[in-house]
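Below, each chain spelled out in residue letters.
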Amino acid sequence: MPPAAPISVFVARKIVTMNPSHPEATHVAVRHGRILGVGSLDELARWGEYRLDDSLADKVLLPGLVEGHSHAVEGGMWRYCHVGFHDRRGPDGKLWPGLQSIEEVVGRLREAEAGLGVPDQPLFAWGLDPIFFGGRRMSRADLDQVSTTRPVIVVHASGHLMNVNSVILERARIDRSSNIHGVLKDDAGDPTGELLEFAAMFMAYRVVGDEYLMTRTSAEGYRAFGRLANLAGVTTATDLFNDLKPESVEHLRQVTAAADFPLRLLPAFNASSAKPEDGIAKMAGLVPTSTDKLRFGLVKLMTDGSIQGFTARLRWPGYFNGRPNGIWNMAPEEIRRYVDAYHRAGYQLHIHTNGDEASEVTLDAIEAAMVAQPRPDHRHTLQHCQMADAAQFRRMASLGVCVNLFANHLFYWGDAHYSQTMGPDRAERMDACATALREGVTLAMHSDAPVTPIGPLFTAWCAVNRLTSSGRLLGAHERIAVADALQAITLGAARTLKLDHEIGSIEVGKRADFCVLEDDPTAVDPAGLKDVRVWGTVLGGRPFPASGG
Amino acid sequence: MPQAIPLLVLGGFLGAGKTTLLNRLLADSEGARIAVLVNDFGSIAVDSRLVASADADTIELSNGCICCSIGSSLMETLLRLLARPVPPERLVIEASGVADPARIAAIGLAGDAFRLESIVTVIDAETVRCRAADPLVGDTVRRQIAAADLLVLNKSDLVEAHELDAVRSWLEAVAAVPIVVTAQAAVPPALLIGADRLPSLAHAATADHGEQFGQWVLAADRPFRRAALAEALDSFGSRLWRAKGFLRLAEQPDAVLLLQLVGRRWSLAAAPAGAAPEGVVLIGPPQTDGQAVIETLRSALA
């Protein structure tokens, strides 16, 4: 036996353990990066010699927060200028204040433009959300104020639209004669510079190249994502859609192997990028190479589109504003085939289902797979699942399916859901956290970063308060208690990742992963949950202050 | 500025036979260096003797063709393709089994990278009517049919003759486009691509294609009248599948133009340098009265 490693004992103002048999404590002992004991100093001292770490003595510890549905691409995007309506923090901790008008957006772009070197280097920006600008749309004239010589591209928050300046329009040969749906035109028949959908956006990317798209799987991008997670108190996060190509796997290995990388990262394999048998073979090769900070094994399926983009598949009565039903990303028979194959092979599926028709088809597929091949504790998880009703939650409970709801949508798009996509009734029960808990479904909730910023405490605030960005209370009866919300962003999310035996609560034997807070989320006014200050994290017993110091 | 690359978008629901058709196309591209972008890379089966090199997402063939996996991003795949040192002569994109091919095809309708030549939708004769009526996927299937310039009614060998007739009549009612009936996706490559290199007029005039399709030639060095030509081309409907020709217009007698027609979509573009105005090759169903088609076209001559 090698000599036992030294023991560190962290003392905190309060430790909220999420372990109901020992809910609070003041000290936690750590050895080998794992939790040796939780209790008072007296109790822990019985383990023998220890080193007392009092650097967190005035902090509140929670289990390290778990983001069950995010995309590491957000890390790479911070190389570029952010022009969102809401405040957002970059990986360096810098606050990018929200921009309240097109003029403010143009102002920030001009600053960014001035900082670019080579005259022809394109200026990329992201996060524009014109729905908050009172009906005014950005035009090429706005972006021509930024540059008339350099290509300028501003991608919208949804990712499905962009605005470009005249330089791009000219180089892409997009003009009055461009009669495709995605090139928007003004009353005089000239392109406004707003491009939507695949074809029109392709023409713009063709001018500037694929650099912006490629940064998503760069090592630098993954590193930046680790910093973003750290700022939000997150110690475990998913990268929930990854082709796991050799180059990207190599970047993941390289980045997560570094001792100073503060995150456990779980990439989920984009199953539709390969035939099931090939994907299963690939997973079988990757899973044994997992490390404590890089876990392979999750499998992602995309079944439909988005509700706000009217591409989600809805059951009757469909979209509130009468738009036709959305589109499948995979045909229902493919969903059945992939679910069956990966279920049989023993993998855990995370399945994107936004509309309730997509959720229904997916539940049918899981049920059929379970009948064909019984498998205890599979924990297949419906992701987003924003429109599920009580009956669907009951099916999830009886099938052993978990859910990860998109609570941030309540704030960001709740008003649009109320007035356009779902109408009042269904909007008030969207992302029905209370129903999920009432029906006994394992619940997590998420940001879908970069769609909305990674920040589980904000996500918890959304589920607890259900306020839209205009201040509307959307579904009072679906609000959940702070304790339940904190559970969902720790142990609940850990259960959806099949890691609840390792993380998600502060108890003996688990990894010493903590979210370190300046304020006590169980004591603040629930309306202030999103403002609880994050000091940083502890990962495997090693403190990672968000300040970097 | 390089010439826009002719684009064929291949649509059709799962299992309709798109991959089989693409495998045939890669094996015999009629001499054209085509790039084929596919969803199911694993199902691409080309004769290994033809493979010049292969990696995780690209196969290069010794006949100059390449096949690329679309993976999770068609955008990135297209950008990578355009960045290759030698761009392909033609591009074929396989839309996913649930995609609306028109959405992808729009890249060939504006900008100058690609020029849409056709949207071809492959139909499974056995299942299409059932699927079109399905509450979950009916809208998807009907969108794919509506987007097509030419329909390939595949798997005709798997249904009884009267069923085939019924499917065919139903398709004619929902989409006014020409229909090619086939089995095992055995569509002649010339019908889909080969555009810039259709058999020479002399060869075309004498070729015997059995019952699969008819091929006719209008040899003409006189110019056409633009409006009359347009009217004639629009009038053929299901009688014509494909046409290609080098011709002149009375309105611009100095320019030699390339005529391309696939199903209901046709275009006139500048012909490659050195092309002579020799006439038009026409391909259609074997039962078409080729002489009547030629006469209609002849009447559009100046």
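From a predicted model like this one, the values you see are computed outputs, not experimental measurements.

(A) Highlighting the overall build of chain B. Summing up its helical and strand segments, chain B has 10 helices and 14 strands in all. Against the globule reference of 19 Å for 302 residues, chain B gives a C-alpha radius of gyration of 19 Å, in line with a compact fold. Expressed as a percentage of the 302 residues in chain B, the buried residues total 54%. Pairs at least 24 apart in sequence give 73% of the contacts found in chain B among residues at least 6 apart. Roughly 12000 Å² of accessible area belongs to chain B as shown, and the carbon and sulfur atoms make up 52% of that amount. Chain B carries 26 positive and 34 negative side-chain charges, and their two centres are separated by 4 Å.

(B) Focus on the domain arrangement of chain A. Residues and elements named next belong to chain A. Domains assigned within chain A are domain 1 (73-214) and domain 2 (270-501). Taken over C-alpha atoms, the centre of domain 1 sits 30 Å from the centre of domain 2. Counting residues at the interface gives 7 residues for domain 1 and 10 residues for domain 2. Summed over both partners, the interface of domain 1 with domain 2 comes to about 760 Å²; 65% of that surface belongs to carbon and sulfur atoms.

(C) Structural detail: unusual backbone geometry. All names here are of chain A. In this structure, the amide linkage connecting Trp316 to the following residue, Pro317, adopts the cis form with an omega of 5 degrees. Along the chain, Ala449 connects to Pro450 via a cis peptide bond; the corresponding omega equals 10 degrees. In this structure, Phe310 is a non-glycine residue whose phi angle is positive, near 60 degrees. Take Phe310: it is sitting in the loop between β17 (298-302) and α11 (332-344). Residue Phe310 is classed as buried on the basis of its relative accessible area of 11%. Backbone geometry at Asp377 places phi at a positive 55 degrees, although glycine is not the residue there. Within the secondary structure layout, Asp377 lies in the loop between α12 (356-372) and β19 (381-384).

How each quantity is defined
Once a new chain begins, its residue numbering starts again from 1 and follows that chain's sequence as written. Chains carry letters from A onward and ligands carry numbers from 1 onward, assigned in written order. Local features are withheld for residues below a pLDDT of 70 in this predicted model, meaning they are given only at 70 or higher, and side-chain atom pairs are given and counted only at 80 or more; totals for whole chains, interfaces and linings count all residues. With hydrogens and water stripped out, all remaining heavy atoms of the structure feed into the side-chain values. The numbering of helices and of strands both runs from the N terminus, where a helix is a DSSP run of H or I of at least 4 residues and a strand a run of E of at least 2. The globule rule used for comparison is 2.2 Å times the number of residues to the exponent 0.38, while the radius of gyration itself is calculated over C-alpha atoms. Accessible area is worked out with a 1.4 Å probe on protein chains only. A residue is then buried under 20% of its type maximum, exposed over 50%, and partly exposed in between. Contact definition: two residues touch when any of their heavy atoms are within 4.5 Å. Under the convention used here, a 1.4 Å probe and the Shrake-Rupley method define accessible areas, while residue burial counts only the protein chains that appear. For the purpose of counting charges, residues Lys and Arg are taken to be positive, whereas Asp and Glu are taken to be negative. His and the chain ends are not included. By convention, the point assigned to a charge is CZ for Arg, NZ for Lys, CD for Glu and CG for Asp. Source of the domain bounds: an automatic or database domain assignment. A simple way to read buried area is as the amount of 1.4 Å-probe accessible surface that goes missing from two parts once joined, with both sides added.

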